[in-house]
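Here's the letter readout for the chains.
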Amino acid sequence: MRRPVFDPEQLPVMPSDASLPALDEARLTARFVRERLQAQPDWRPELTDESRLIDASLKLREAAVLVPLVQREAGLTVLLTQRNASLSQHAGQISFPGGGRETIDRDMTATALRETVEEVGISADFIEVVGRLPDYITGTGFHVSPVVGLLTPHFTVQPDPSEVAEVFEVPLAFLMDPANHEVRELRWEDRVRRFYAMPYRRSDGGYHFIWGATAGMLRNLYHLLAA
């Protein structure tokens, strides 16, 4: 399948369900997140599989990401990275720390923690793993396991410049408010792809454009915490 080249920020914003409420403060605490991830109620993720966008013969590559929730005094934040523009996969995109599973990794949690050290320099000493979100198959051929961790705020970020252009944090309250969730649409040939985007304003007036699989996983986190 020929993959289209496109700028997601230039795609049209489609109508979406604006009736979903923002999460209240009680659901945005470390205690609630920990308890909800460890004893999950009956709930349904919204989006987990974009394999329709890839060649059916392609073997999926196992990968894991850490969904890092930093315990700041003002409230939980989500630590994100902007990938180096020179990378062959997902260049310049906003993502969670993570990457492909290696033979040395005993499980997907180990993959997420190892990749977090390698990409942003945050060791497992600062991370309390509290659970996982549903696996997510990306349109680029990765089978991703999202591992959720609560971070104590005493770490020092040391990004690998060959992989990471920037590390930044976004308030969890912003990301858990559906009013900030856009639906963008891409049309090519006879296909239609719709995906979530969560543009977050930077201090310089521009935006961190969070979209695709990262936004999809955050949308699933919203549904879990709202359940």
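Higher on the page you've got the structure.
Keep in mind it's a predicted model, so treat the numbers as computed, not measured. (Residues numbered from 1 in each chain as written. Predicted model: local features only at pLDDT ≥ 70, side-chain atom pairs only at ≥ 80, totals over all residues. Heavy atoms only, no water.)

Digging into the sheet that holds strand β12 (residues 207-211)
Backbone hydrogen bonds are what pair the strands of a sheet, in a parallel or an antiparallel way.
Part 1 of the argument: If you trace the four strands from one edge of the open sheet to the other, you get β1-β10-β11-β12, paired in antiparallel fashion. What marks the edges here is a single partner per strand, and that holds for β1 (13-14) and β12.
Part 2 of the argument: Bridging between strand β11 (residues 191-201) and β12 involves five bridges; their strand directions are antiparallel. The residue bridging Tyr-200 from the neighbouring strand is His-208, located in β12.
Part 3 of the argument: Where helix α4 (residues 212-226) meets the sheet, it contacts β11 and β12, and its direction lies at approximately 75 degrees from that of β11. (Pairing = 2+ DSSP bridges. Helix = DSSP H or I, 4+ residues; strand = E, 2+ residues; numbered from the N terminus. Contact = heavy atoms within 4.5 Å. Axes fitted to C-alpha atoms, helices over the stretch in contact; angles between N-to-C directions.)

Points about α4
Part 1 of the argument: The end-to-end C-alpha separation of α4 is 21 Å, in line with the 21 Å expected for 15 residues at 1.5 Å each.
Part 2 of the argument: Judged by how many residues are buried, α4 sits mostly within the fold: 14 of 15 residues are covered. (Expected span 1.5 Å × (residues − 1). Buried < 20%, exposed > 50% of the residue type's maximum accessible area, 1.4 Å probe, protein only.)

Topic: helix α1 (residues 30-38)
Part 1 of the argument: Residues of α1 that are buried: Ala-30, Phe-32, Val-33, Arg-36 and Leu-37. With its buried residues spanning 165 degrees around the axis, α1 presents them on a single face. In this structure, α1 carries Arg-31 and Gln-38 as exposed residues pointing more than 90 degrees from its buried face.
Part 2 of the argument: The inward-facing, buried residues of α1 contact β2 (61-72), β3 (75-83), β6 (127-132), β8 (142-151) and α4. (Arc of directions from axis to C-beta.)

Regarding the nonpolar core
Part 1 of the argument: If you look at the biggest cluster of nonpolar residues, it comprises 42 residues, and the most contacted ones within it are Leu-175, Met-176 and Ile-210.
Part 2 of the argument: Taken together, the elements giving at least two residues each to this core come down to α1, β2, β3, β8, β9 (164-171), α3 (172-175), β11 and α4.
Part 3 of the argument: Among the elements that take part in this core, α4 stands out by supplying eight residues, more than any other.
Part 4 of the argument: Filtering out sequence-adjacent residues up to four positions away, Met-176 remains in contact with Ala-22, Leu-23, Leu-28, Leu-218, Leu-221, Tyr-222 and Leu-225.
Part 5 of the argument: Core analysis: the next-biggest nonpolar cluster, separate from the first, contains 13 residues, Val-70, Leu-79, Met-108 and Ile-127 among them. (Core = buried A, V, L, I, M, F, W, Y, C linked by side-chain atoms within 4.5 Å.)

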